[in-house]
Amino acid sequence: MAGSWDGNHDPGSPSEESYHLERLHIEPIYDAFICPLTKQVMQDPVTLENGMTFDREAIEKWFRECRDSGRKPVCPLTHRDLKSTELNPSISLRNTIEEWNARNEAAQIDMARRSLSLGSGEGDIMQALKFIQHLCQKSRSNKHVIRNAELIPMIVDMLKASSCRVRCKALETLLVVVEDDDDNKEIMAEGDNVRTIVKFLSHEQSKEREAAISLLYELSKFKPLCEKIGSVNGAILFLVGMASSKSENLVTVEKAENTLENLEKCEINVKQMAENGRLQPLLTLLLEGSSETKLSMAVFLGELVLNNDVKVLVARTVGSSLINIMKHGNMSSRESALKSLNQISSYEYSAKILIEAGILPPLVKDLFFVGANQLPMKLKEVSATILANIVNTGYDFDSVPVGSEHQTLVSEDVVHSFLYLISNTGPAIECKLLQVLVGLTSSPTTVFNVVSAIKSSAATISLVQFIEAPQKDLRVASINLLRNLSPHMGQELARCLRGTSGQLGSLIKVISENTGISEEQAAAVGLLADLPERDRGLTRQMLDEGVFQLAISWIVSFRQGETRGSRFVTPYLEGLVKVLSRITFVLTDEPDAVALCREHNVAALFIDLLQTNGLDHVQMFSAMALENLSQQSKNLTKLPELPKPGFFVSIFPCLSKPPVISGLCKVHHGTCSLKDTFCLLEGHAVDKLVALLDHTNEKVVEASLAAVCTLLDDVVDIEQGVQVLCECEGIKPILDVLLEKRTETLRRRAVWAVERLLRTEDIAYEVSGDANVSTALVDAFQHGDYRTRQIAERALKHVDRIPNFSGVFPNTG
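Since the model is a prediction, treat every value here as computed from it, not as a measurement.

Reading the values: the criteria
Residues numbered from 1 in each chain as written. Predicted model: local features only at pLDDT ≥ 70, side-chain atom pairs only at ≥ 80, totals over all residues. Heavy atoms only, no water. Helix = DSSP H or I, 4+ residues; strand = E, 2+ residues; numbered from the N terminus. Rg over C-alpha atoms; globule rule 2.2 N^0.38 Å. Buried < 20%, exposed > 50% of the residue type's maximum accessible area, 1.4 Å probe, protein only. Phe/Tyr/Trp six-rings, centres within 6.5 Å; stacked < 30°, edge-to-face > 60°. Lys NZ or Arg CZ within 6 Å of the ring centre and 35° of its normal. Pairing = 2+ DSSP bridges. Contact = heavy atoms within 4.5 Å. Axes fitted to C-alpha atoms, helices over the stretch in contact; angles between N-to-C directions. Parallel < 35°, antiparallel > 145°, perpendicular 65-115°, else oblique. Left-handed = near helix turned anticlockwise from the far one by under 90°. Nonpolar A, V, L, I, M, F, W, Y, C, P; charged D, E, K, R; others polar. Core = buried A, V, L, I, M, F, W, Y, C linked by side-chain atoms within 4.5 Å. pLDDT = per-residue confidence, 0-100. UniProt positions renumbered as here; feature names shortened; annotations may be inferred. Arc of directions from axis to C-beta. Disulfide = S-S within 2.5 Å. Polar contact = N/O pair within 3.5 Å; in protein donor to acceptor, adjacent residues only side chain to side chain. Salt bridge = Lys/Arg side-chain N within 4 Å of Asp/Glu carboxyl O.

**Thoughts on the overall build of the protein chain**
Alright, step 1. Of regular secondary structure, the protein chain possesses 45 helices and 3 strands.
Alright, step 2. Computed over C-alpha atoms, the radius of gyration of the protein chain comes to 47 Å, more than 25% over the 28 Å expected from 2.2 N^0.38 for 813 residues, which places it beyond the range of a compact globule.
Alright, step 3. Reported as C-alpha extents along the three principal axes, the dimensions of the protein chain are approximately 170 × 70 × 55 Å.
Alright, step 4. Expressed as a percentage of its 813 residues, the buried residues of the protein chain come to 49%.

Structure (structure tokens):
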């Protein structure tokens, strides 16, 4: 068979391969069939006046060249002048050639069939595929010959060959066979032909991949095949990847892109593309498609999981259209638009785009409207979810009108409507509306409006009751809202929680759950922590219900590394420390509080927490608690019992000497301990507090300095307190706080402390030479409040910057 493909040909011909294929024949080729100019079988033989025969196209080209060069027309063989360039068709020769071609092509097609059958060698298969390509390129009509000979399925079978060369040639041959021929493309739609081609898109061999994408591009021009291609699992994913690839060659990328554009003719393909990150075709149909198509795309968009960048793209492209559908569409259209908007609004930047596109007025109207065309409750829940998403962006909602009378989200009547819905709908929508209020109360610009509306509607008790809701999400939303409200209406919330309804017990139950730290636990402990710390009644009730013992237990487990986990651990720990610190605010009036602090050695726990680096709030609340505890030390210190004087001493007092008692606290002049009297000196806390005076957070510095200053109070031995600070190298850090002028509170506290330090002559003498300290004291004397100026004046007298006139003017009072 191999010999049958071979034939003699002129090696000097213009196209060796095409000539070789032209000479593939069964019957002998006659010289009369060959054009003297092209050395190929003539297609349209014509005869000159001298009887010479040429292929029409070749001789016409010869005459043009003669004319263009200014020569007379001559015969290309004899080179003699021709009187006429008239061409006479050689009809009989052409018919003979056509018959010869037909017989040979039929035989050659039969040979190709046998070469493409199983068991043929690679050489025969390659020659057969080349012949089929040549035949189809020779004449478009030959493509139906290939189809009628049922060669297309056989070529497809070659895609499964073990030879890479054969697979590539088969893909190239199929491209030639189906190009501009819908009938042949229709055959390709049969069976799993398309699936076989798609497989090549994942091949490592770039030549096979490039050939496959070229073939798929051609097939995709035939609309009935578009859905077939898209239905192959992974086809669109591969194409999207290739179209966006930076490693493929540009031709492959372009053909993948063009193939996808053709596949967009089918809506089902458009949806698949959207699932695989190519969203623009879906957005285009949503904007420009028919009403049914728009609805279908909107519904599908609502079901997609979009990344944040895509949400921004969608909001910019179709946000206004979706809002318009939500406003004017029928119920099914509104539902699809709401679901899509719910998806988009979950990202801050895309939500802001929706706000600017005007989503708020129709959204609020849908929530509040009651009537014939009102949204069903399940869709109002979606509206509430969208609103909750939008509110959490932190936008300036006080400037965005939502009603016909220019009301905003924080207008009193709008907040009243939210509160009404919260009390009269189901848990799902109640939860979302509570989240709306959480968002509005998280902003310092809108919280006061919401607080005012809640107070005017007397809704506090209703909001507090949600703490006991069985639904966790509802409880979390209500607790977060109450926590946001507590700085502005803490006393009112404390009164509600002190009632007999059991909400405080519900909060404690949430805090005590031992299932891993949750958002609900962090919110609950944060709410308790933010309530007024000097509310003695609330603290008493918390003491009775074991809140402080619970806080101690959790804090100890944190310090011992027994509690790890979620992102809520830090706020939970901060809340626990603040909750525990509130017991130190009632020590004067609550003996049980003193007993609890002694029993659990709370002072030692707070000293340990001072070293919780990275947790500023923990350090700040611990220092505040230590200040309160230290203020009680003088009251709790046991003063020594002095021995009664003897007989001679009672008669001659001048003979007495003060008794010397060892082991007394030099600051409190009594028997001290950290556990029983909360003495900072005994607890070795002073150096730790001093170390925090250069903290970057001024709130931590304020609390630490306040605790240190308890050693300089009038009720203790100030001179010894100064000595303790000297030993702990605390003088310079206190002076540095004065010099830094970070906050007015810090300056006031630092001036007070420095005045106490300057009562010691050695320190006053040393500081008097420091111009910076003197300047800071002068500044406080000139610009501080009345009390600060008084203290600064005394301090300046200690360093002789202001003369002391007390000895000059007699006391006339």
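Next comes the rest of the write-up.
**Observations regarding the packing of aromatic side chains**
Alright, step 1. Scanning all chains against the criterion turns up 8 aromatic pairs.
Alright, step 2. Among the aromatic side chains, those forming a connected cluster through ring pairs are Tyr 30, Phe 33 and Trp 100.
Alright, step 3. Positioned above the aromatic ring of Trp 62 is the side chain of Arg 71, whose terminal nitrogen or guanidinium carbon lies 5.8 Å from the ring centre.

**Thoughts on unusual backbone geometry**
Alright, step 1. Phi is positive for His 406, close to 65°, though the residue is something other than glycine.
Alright, step 2. Here His 406 is to be found in the loop between helix H22 (377-391) and helix H23 (412-424).
Alright, step 3. Of note, His 669 is a non-glycine position whose phi angle comes to about 55°, a positive value.

**Some thoughts on the sheet that holds strand S2 (residues 53-55)**
Alright, step 1. With respect to topology, 3 strands assemble into an open sheet ordered S2-S1-S3, the strand pairing being antiparallel. Looking along the sheet, the strands with just one partner apiece sit at the ends: S2 and strand S3 (88-89).
Alright, step 2. In terms of strand pairing, strand S1 (residues 45-47) meets S3 through 2 bridges, oriented antiparallel. Counterpart to Val 46 in the pairing with S3 is Pro 89.
Alright, step 3. Packed on one face of the sheet, helix H3 (residues 56-68) meets S1, S2 and S3 and runs near 95° to S2.

**A look at the packing of helix H41 (residues 731-740) against helix H42 (residues 744-757)**
Alright, step 1. For the pair H41 and H42, the least separation of the axes is 8 Å and the interaxial angle reads 140°. Relative to H42, the element H41 is oriented oblique. Crossing angle aside, the handedness with which H41 passes H42 is left-handed. Residues Ile 731, Ile 734, Leu 735, Val 737 and Leu 738 of H41 lie in contact with H42, whose contacting residues are Leu 746, Ala 750, Val 751, Ala 753, Val 754 and Leu 757.
Alright, step 2. Grouping the amino acids of the contact of H41 with H42 by side-chain chemistry returns 11 nonpolar, no polar and no charged.

**Things to note about the nonpolar core**
Alright, step 1. In this structure, Ile 359, Leu 360, Leu 409 and Leu 580 are the most contacted members of the largest nonpolar core, which totals 194 residues.
Alright, step 2. At 11 residues, the largest contribution of residues to this core is made by helix H27 (residues 472-497).
Alright, step 3. Excluding anything up to four places from it in sequence, Leu 580 contacts Phe 548, Ala 551, Ile 552, Ile 555, Val 602, Leu 605 and Phe 606.

**A word on the confidence of the model for the protein chain**
Alright, step 1. Averaged over the protein chain, the pLDDT score is 87; the fraction of residues at 70 or greater is 92%.
Alright, step 2. Every residue in residues 1-23 scores below 50 in pLDDT, and together they form 44 contacts with partners more than four places removed in sequence or on other chains.

**Observations regarding the packing of helix H24 (residues 427-441) against H27**
Alright, step 1. The contact between H24 and H27 brings their axes to 9 Å, and the two run at 25°. In this view, H24 runs roughly parallel relative to H27, as classed from their interaxial angle. Here H24 and H27 pass one another in a crossing that is left-handed. Contact with H24, carried on its side by Pro 427, Glu 430, Cys 431, Leu 434, Gln 435, Leu 437, Val 438 and Thr 441, involves Asp 473, Leu 474, Ala 477, Ser 478, Asn 480, Leu 481, Asn 484 and Leu 485 of H27 and no other residues of that element.
Alright, step 2. Residues belonging to the contact of H24 with H27 are distributed by class as follows: 9 nonpolar, 5 polar and 2 charged.

**A few points about the UniProt feature "domain: U-box" (unreviewed entry) in the protein chain**
Alright, step 1. On the UniProt side, "domain: U-box" (unreviewed entry) is annotated at positions that read residues 28-107 here.
Alright, step 2. Across residues 28-107, helical content stands at 38% and strand content at 10%; the span's end C-alpha atoms are separated by 13 Å.

**Overview of helix H43 (residues 761-768)**
Alright, step 1. Listed in full, the buried residues belonging to H43 are Ile 763, Ala 764 and Val 767. Burial along H43 is one-sided: seen end-on, the buried residues are contained in an arc of 100°. Relative to its buried face, H43 has exposed residues pointing more than 90 degrees away, namely Glu 761, Asp 762, Tyr 765 and Glu 766.

**Comments concerning the state of the cysteines**
Alright, step 1. Within the structure shown, the criterion is met by 0 disulfides.
Alright, step 2. For Cys 226, which is in no disulfide, the shortest distance to another cysteine sulfur is to Cys 266 and amounts to 5.2 Å.
Alright, step 3. The cysteine Cys 728 is free of any disulfide, with Cys 726 supplying the nearest cysteine sulfur at 9.5 Å.

**Focus on the environment of Gln 631**
Alright, step 1. As for its position among the elements, Gln 631 is in helix H35 (residues 616-636).
Alright, step 2. Linking Gln 631 and Ala 707, residues 76 residues apart in sequence, is a C-alpha distance of 8.7 Å.

**Overview of the environment of Ser 346**
Alright, step 1. Among the structural elements, Ser 346 can be located in the loop between helix H19 (331-344) and helix H20 (348-356).
Alright, step 2. Taking the C-alpha atoms as reference points, Ser 346 and Thr 385, separated by 39 residues in sequence, lie 9.1 Å from one another.
Alright, step 3. Residues within four places of Ser 346 in sequence aside, it is in contact with Lys 311 and Asn 389.
Alright, step 4. Side-chain polar atoms of Ser 346 contact the backbone oxygen of Gln 343, separated by 2.8 Å.

**Side note on the pattern of salt bridges**
Alright, step 1. Scanning the entire structure with this criterion turns up 37 salt bridges.
Alright, step 2. Salt-bridge contacts for Lys 378 lead to Glu 335; the nearest nitrogen and oxygen are separated by 4.0 Å. Pair noted here: Lys 378 is in helix H22 and Glu 335 is in helix H19, with a separation of 43 residues, a long-range link.
Alright, step 3. A relative accessible area of 22% means that Glu 335 is categorised as partly exposed.
Alright, step 4. The salt bridge involving Lys 666 is made with Glu 727; its shortest N-O contact spans 3.3 Å. Highlighted residues: Lys 666 in the loop between helix H36 (647-651) and helix H37 (674-677) and Glu 727 in helix H40 (residues 718-727), separated in sequence by 61 residues.

**Quick word on H20**
Alright, step 1. Of all the positions in H20, only Ser 350, Ala 351, Ile 353, Leu 354 and Ile 355 are classed as buried.
Alright, step 2. Buried residues along H20 sit against helix H18 (308-328), H19, helix H21 (360-368) and H22.

**Some words on the side chain of Ser 622**
Alright, step 1. For Ser 622, the position within the fold is in helix H35.
Alright, step 2. In this structure Ser 622 touches Val 577, Phe 606, Leu 609 and Leu 610, once residues within four positions along its chain are discounted.

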